[in-house]
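Here is how the chains run, residue by residue.
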Amino acid sequence: MESPRLIAGLAGMMRDVGVAEELAQDALVAALEQWPAEGIPKNPGAWLMAVAKRRAVDLVRRNERYARKLQEFGRSQDETVEIDVDLDQIEDDLLRLVFVSCHPVLAPEARVALTLRLLGGLTTPEIARAFLVSESTVAQRIVRAKRALSDAGVPFEVPEPHERPARLASVLEVTYLIFNEGYAATAGDDWVRPALCDDALRLGRILAGLMPGESEVHGLVALMELQASRLRARVGPGGAVVRLLDQDRARWDHALIGRGLAALARVEELGGTPGPYALQAAIAACHARARTADETDWKLIAALYDALAPLARSAVVELNRAVAVGMADGPAAGLALVDAIVAAGLLPTYHLLPAVRGDLLVKLGRDAEARAEFTRAAALTDNAPERALLAERAKSGPA
């Protein structure tokens with residue numbers, strides 16, 4: 001939880017995200033060595049940052065550019081170094097780190113991988129699964145990205161206003177990917193990882209404050225607030241997965257729903273054609289406004305997906321559209337759209353494709369085919385609770 005904050009604060013000092021990550025790891029190792037004997041400090045984050053900054057100063061002193069760097073820190077060679085931990089500054093540094101990680105000097109896939117690693121705390125295998133590539137490919141992207149930032153001397157700063165629009169799309173994509181890993185974990189024993197959702201929400205809110213006139217920033221914040229409102233209801237006894245239509249809506253966080261609807265209203269105030277995040281937020285709002293699953297306006301949701309599809313150009317969006325059409329116009333209509341995705345050879349390893357197809361087949365009474373689809377879906381997911389749900393559906397059939 002503290003690692004991204006450490007890396008951000010240290011990157012502000014060192015102007016090198018690779019060195020910052022190494023120093024953060026050193027501080028975490030020091031904690032593992034000292035805390036068992038001395039106890040956990042009152043403010044663990046401040047302790048870690050203080051240790052990391054001292055090691056950063058030691059590193060600078062050993063560096064051949066010692067004098068110039070110390071001058072930047074505002075200290076002389078003979079002064080005693082006082083470590084001042086400003087937690088508000090660390091929050092600002094996190095935003096700077098987002099923009100540095102998404103700098104145009106990096107290829108798009110490297111921007112996403114590096115930010116997920118440094119700010120999201122995701123492991124290399126998790127990032128690899130998110131992009132359907134090998135772990136070695138992701139590892140190489142991260143190493144090369146750090147080297148490219150260092151070689152280019154990329155400044156650790158928020159871009160000037162005229163530079164922001166070109167870099168904003170990548171920043172929003174990265175933020176939402178972090179959120180999604182928390183909302184539906186790709187692997188492990190937990191279906192949700194709320195801390196990641198909280199990190200993404202905080203970054204989104206900071207971006208909204210920095211760029212209040214950017215409609216898509218508010219659209220993303222609205223989407224994340226509305227989806228985060230369901231987190232408690234998504235998990236049942238023993239960590240079991242609870243599907244949207246089966247959730248106890250009394251467990252939804254109505255404070256977050258209020259925040260999400262307010263952010264969506266801000267999008268409408270700004271005017272213009274809604275972007276992909278604003279449209280997805282409008283879809284989430286349809287669910288949030290429905291007091292029961294039966295009251296969900298699936299016709300409106302299907303229409304919103306029709307507007308989203310040409311903007312997103314994503315097979316996953318097409319799959320979600322198929323679900324909405326299946327609810328609005330009947331399972332046969334939804335299945336036709338899913339089968340078109342299959343025929344095009346899209347999403348061959350995405351577990352939700354056979355899961356959705358199985359659900360539609362159940363509704364059509366084609367139970368044997370549905371069980372085969374659920375079995376295939378269970379084999380494709382690395383998330384234990386989700387695998388258990390799909391395996392149970394494969395076993396129990398239409399129930």
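Residues numbered from 1 in each chain as written. Predicted model: local features only at pLDDT ≥ 70, side-chain atom pairs only at ≥ 80, totals over all residues. Heavy atoms only, no water.

Examining the overall build of the protein
When helices and strands are tallied, the protein shows 19 helices and 2 strands. The C-alpha radius of gyration computed for the protein amounts to 23 Å, which stays within 12% of the reference 21 Å derived for 399 residues, consistent with globular compactness. Here the C-alpha coordinates of the protein stretch approximately 80 × 50 × 40 Å along the principal axes. For the protein, the proportion of its 399 residues judged to be buried stands at 48%. Here the contacts in the protein between residues at least 6 apart in sequence split such that 62% fall between residues at least 24 apart. About 18,900 Å² of surface is accessible on the protein, with carbon and sulfur atoms providing 52% of the total. Averaging the coordinates of the 46 positive side-chain charges in the protein and doing the same for the 54 negative ones gives two points 2 Å apart. (Helix = DSSP H or I, 4+ residues; strand = E, 2+ residues; numbered from the N terminus. Rg over C-alpha atoms; globule rule 2.2 N^0.38 Å. Buried < 20%, exposed > 50% of the residue type's maximum accessible area, 1.4 Å probe, protein only. Contact = heavy atoms within 4.5 Å. Areas by Shrake-Rupley, 256 points an atom, 1.4 Å probe, with all protein chains shown as cover. Lys, Arg positive; Asp, Glu negative; His and termini not counted. Charge placed at Lys NZ, Arg CZ, Asp CG, Glu CD.)

Here's the deal with unusual backbone geometry
One non-glycine residue with positive phi stands out, namely Arg313, at about 50 degrees. Topologically, Arg313 is positioned in the loop between helix H14 (298-312) and helix H15 (315-329). Located in the positive-phi region is Leu347, a residue other than glycine, with phi close to 55 degrees. By the secondary structure assignment, Leu347 is in the loop between helix H16 (331-343) and helix H17 (352-363). Residue classification places Leu347 among the buried residues on the basis of a relative accessible area of 15%.

Looking at the nonpolar core
Membership of the largest hydrophobic core comes to 86 residues, with the highest contact counts inside it found for Leu10, Leu97, Phe179 and Leu207. Once residues within four sequence positions are removed from consideration, Leu207 is found in contact with Leu95, Phe99, Val171, Leu172, Thr175 and Val217. In terms of nonpolar packing, the next biggest core, distinct from the first, is built from 19 residues, Leu319, Leu335, Ala355 and Phe374 among them. (Core = buried A, V, L, I, M, F, W, Y, C linked by side-chain atoms within 4.5 Å.)

A word on the packing of aromatic side chains
Tallying each qualifying case throughout the model produces 4 aromatic pairs. Consider the rings of Trp35 and Trp47, whose centres lie 5.3 Å apart with planes at 65 degrees: the pair is edge-to-face. In this pair, Trp35 sits in helix H2 (residues 17-38) while Trp47 sits in helix H3 (residues 44-62), placing the two residues 12 residues apart along the sequence. A relative accessible area of 18% places Trp35 in the buried class. (Phe/Tyr/Trp six-rings, centres within 6.5 Å; stacked < 30°, edge-to-face > 60°.)

Focus on helix H12 (residues 254-270)
Across its 17 residues, H12 extends 24 Å between first and last C-alpha, which sits within 8% of the 24 Å expected from 1.5 Å per residue. For H12, the full list of buried residues reads Leu256, Ile257, Gly260, Ala263, Leu264 and Val267. Each buried residue of H12 sits inside an arc of 125 degrees when the element is viewed along its axis, so together they form one side. Across from the buried face of H12, at angles greater than 90 degrees, the exposed residues are His254, Ala255, Glu268 and Glu269. Residues of H12 that are buried make contact with helix H10 (194-210), helix H11 (215-228) and helix H13 (276-289). With a side-chain oxygen positioned 3.0 Å from the backbone nitrogen of Ala255, the residue opening H12 is Asp253. Phi for Gly271, located one or two positions after H12, is positive at around 75 degrees. (Expected span 1.5 Å × (residues − 1). Arc of directions from axis to C-beta. Polar contact = N/O pair within 3.5 Å; in protein donor to acceptor, adjacent residues only side chain to side chain.)

Everything listed is a geometric property; what it means functionally is a separate question.
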